[in-house]
Amino acid sequence: MTAKLLTTAIAVTFAGEALATEWNVSVWGSRRAFTEHVHKLAELVEEKSGGDFTMNISYGGLSNNTENLDGISIGAFEMAQFCAGYHPDKNRAITVLELPFLGVSNLEEEVAVSHAIYDHPAVADEMAQWNAKMVMTSPMPQYNLVGTGEPRDELAEFDGMRVRATGGLGEAFSAVGGVPTSVTSSEAYQAMESGVVDTVAFAQHAHLSFGTINRADWWTANLNPGTVNCPIVVNIDAYEMLSDEHKAIFDESVDESIDYYLENYAQLLQRWDEVLEEKGVEKVMISDEQLAEFKRVAGDPIHQAWIEDMSAQGLPAQELYDLVFETLEEHRASN
């Protein structure tokens, strides 16, 4: 009887251990507004699972940011964040979200259009090639420039400007004579300090987190050429191996995590003007005429070129492009 009880106890122990899930999550930089939804998701799944589902979030300890998708593909870790502009050839379909001048006006709209695109079969198929499943976006405001020296408030002054900008933003600045470079966000401060770039295009949180605001003399308050798209993905095998309970907990916690992200980022935006004043950074307003010219040169032509290029590669480019604007219209109508 003692032997039977011992065997039963061991079996129960092993069963309990089998139910426990521990994921490694690869992000980069340091904890900031851009990663708060990842932390919230980890908090929620641990709480709802009674500690049986946990996530270890690593800032650069598991992979470089530009290699996170590769890490997911080989199962080096279970969840990761990446930005489409780091390797547009690997995630062609979602680069529609990085086209300049899409007209997205706030973070809620950014979430709506991103998730609509993520849900498209073409995106799921392309991500499956990397054994990756889309989870949620990391919504960011429109990017704006910080720079040193005299403010650049006319397009003619962008000619020859060396700018840290990736993806569609890089194309937009190139269209008006800028010289984009795609150094990673972690390298942007050093590039600015050493004079490799004259300006850096980031959302507000990144100017703070990566220190570029500390090198800045000015900031463009209303250039708003676009933003980058940075999804959170999971390894498909790891997701499918979750118990039904853990899978349900994970899925239901995504929207809660995004809501928390939006609340947190709103607080940062409210403080932004105070930050500029504290650091003595001049707020530069671009005239409506200059903005219209920028959009004319770097908007529609780049959009059309993207549609033609992606269609030639076999993607439903026009369908993806139209989905962005259909989603914007539906989202605004519902609000």
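Here, every reference points to the structure presented above.
All of the points below concern the structure found in this document. For every chain, the first residue of the written sequence is number 1, and numbering continues from 1 onward in sequence order. Where local features are concerned, this predicted model is filtered to residues with pLDDT of at least 70; where side-chain atom pairs are given and counted, the filter is 80 or more; whole-chain, interface and lining totals use all residues. Side-chain descriptors were evaluated using all non-hydrogen atoms of the structure, hydrogens and water having been removed beforehand.

1. Some words on the overall build of the protein chain
Along the protein chain, the regular secondary structure elements total 13 helices and eleven strands. A radius of gyration in this sense is built from C-alpha atoms; the matching globule rule multiplies 2.2 Å by the number of residues raised to 0.38. Taken against the 2.2 N^0.38 rule, which gives 20 Å for 335 residues, the C-alpha radius of gyration of the protein chain at 22 Å falls within 12% of a compact globule. Considering only C-alpha atoms, the protein chain reaches an extent of 90 × 45 × 40 Å along its principal axes. Burial here depends on accessible area, computed with a 1.4 Å probe over protein chains only, as a share of the maximum for the residue type. Under 20% is buried, over 50% is exposed, and the range in between is partly exposed. When the 335 residues of the protein chain are sorted by exposure, 53% land in the buried category. What counts as a helix is a DSSP run of H or I of at least four residues, what counts as a strand is a run of E of at least two, and both are numbered from the N terminus.

2. Concerning the packing of aromatic side chains
Pairing of aromatic side chains here covers Phe, Tyr and the six-membered ring of Trp, requires ring centres within 6.5 Å, and sorts the geometry by plane angle: under 30 degrees stacked, over 60 edge-to-face, intermediate tilted. Within this structure, the stated rule accounts for 15 aromatic pairs. Relative to F53, the ring of W23 lies with its centre 5.3 Å away and its plane at 80 degrees, an arrangement referred to as edge-to-face. Taken together, the residues span a long stretch of sequence, with W23 in strand 1 (residues 21-27) and F53 in strand 2 (residues 53-59) at a distance of 30 residues. Assessed through its relative accessible area of 0%, F53 is described here as buried. Taken together, the ring pairs connect W23, F53, Y239 and F250 into an aromatic cluster. We count a charge as sitting over a ring when the NZ of a lysine or the CZ of an arginine lies within 6 Å of the ring centre and within 35 degrees of the ring normal. K40 extends its terminal NZ or CZ atom over the ring of Y260, reaching a point 4.9 Å from the ring centre. We note K133 situated over the ring of Y239; from NZ or CZ to the ring centre the distance is 5.0 Å.

3. Description of the nonpolar core
Counting 107 residues, the largest nonpolar core has M55, M79, F173, F250 and F294 as the members making the most contacts within it. Here this core takes eleven residues from helix 10 (residues 244-279), the largest share from any one element. Contacts of M55, omitting those with residues within four sequence positions, involve W23, V25, L41, A42, V45, M79 and F250. For this analysis, a nonpolar core means a set of buried residues of the types Ala, Val, Leu, Ile, Met, Phe, Trp, Tyr and Cys, connected via side-chain atoms within 4.5 Å. Whether two residues are in contact is decided by their heavy atoms: any pair within 4.5 Å suffices.

4. Section: the pairing of strand 1
Counted residue by residue, strand 1 has five buried out of seven residues, so it is predominantly covered. Here the rule is simple: two strands pair whenever DSSP picks up at least two bridges between them. Across seven bridges, the pairing between strand 1 and strand 2 is parallel. Looking across to strand 2, one finds that V27 is bridged to Y59. Considered for its hand, the β-α-β crossover made up of strand 1, helix 2 (residues 36-48) and strand 2 is right-handed. The definition of a right-handed crossover adopted here requires that, viewed with the strands pointing away, the path from the first strand over the helix to the second runs clockwise.

5. Points about unusual backbone geometry
Although it is not a glycine, N131 adopts a positive phi angle of roughly 55 degrees. By secondary structure assignment, the location of N131 is in the loop between helix 5 (121-128) and strand 4 (132-136). Under the relative-accessibility criterion, N131 is labelled buried at 16%. Look at N224: it is not a glycine, yet its phi comes out positive at around 45 degrees. Mapped onto the elements, N224 comes out in the loop between strand 9 (218-220) and strand 10 (232-235).

6. Looking at the state of the cysteines
Counting rule for disulfides: a pair of cysteine sulfur atoms within 2.5 Å. Overall, the coordinates contain one disulfide when judged by the stated rule. Disulfide pairing is shown between C83 and C230; the S-S distance is 2.0 Å. An S-S torsion of about 95 degrees defines the bridge between C83 and C230 as right-handed. Of the two residues, C83 sits in the loop between strand 3 (79-81) and helix 4 (107-118) while C230 sits in the loop between strand 9 and strand 10, which places them 147 residues apart along the sequence. Both residues of the pair, C83 and C230, count as buried.

7. Considering the side chain of H39
Inspection of the secondary structure puts H39 in helix 2. For H39, a relative accessible area of 16% puts it in the buried group. Pairs of N or O atoms within 3.5 Å make up the polar contacts considered here, provided that, within protein, one atom can donate a hydrogen while the other can accept it, and that residues adjacent in sequence are counted only when both atoms are side-chain atoms. One polar contact links H39 to Y59, side chain to side chain, over a distance of 2.7 Å. Contacts of H39, omitting those with residues within four sequence positions, involve R31, I57 and Y59.

8. Examining the pairing of strand 10
Going residue by residue along strand 10, you find I232 and V234 tucked away on one face and V233 and N235 tucked away on the opposite face as well. Bridging between strand 3 and strand 10 involves three bridges; their strand directions are antiparallel. The residue bridging A80 from the neighbouring strand is V233, located in strand 10. Of the pairings in the sheet, the one linking strand 4 to strand 10 comprises four bridges and is antiparallel in character. Pairing of M134 across the sheet is with V233, part of strand 10.

9. Describing the sheet that holds strand 1
Strand order in the open sheet formed by five strands is 2-1-3-10-4, and the pairing between neighbours is mixed. Every interior strand has two partners, whereas the edge strands, strand 2 and strand 4, have only one. Averaged over neighbouring strand pairs, the angle between their axes works out to 25 degrees when direction is ignored. The sheet strands contacting helix 2 are strand 1, strand 2, strand 3, strand 4 and strand 10, and the helix crosses strand 2 at an angle near 160 degrees. Interaxial angle, 0 to 180 degrees, is taken between N-to-C directions of lines fitted to C-alpha atoms, where a helix line uses only the stretch in contact. The sheet contacts of helix 10 involve strand 1, strand 2, strand 3, strand 4 and strand 10, and relative to strand 4 the element is tilted by about 45 degrees.

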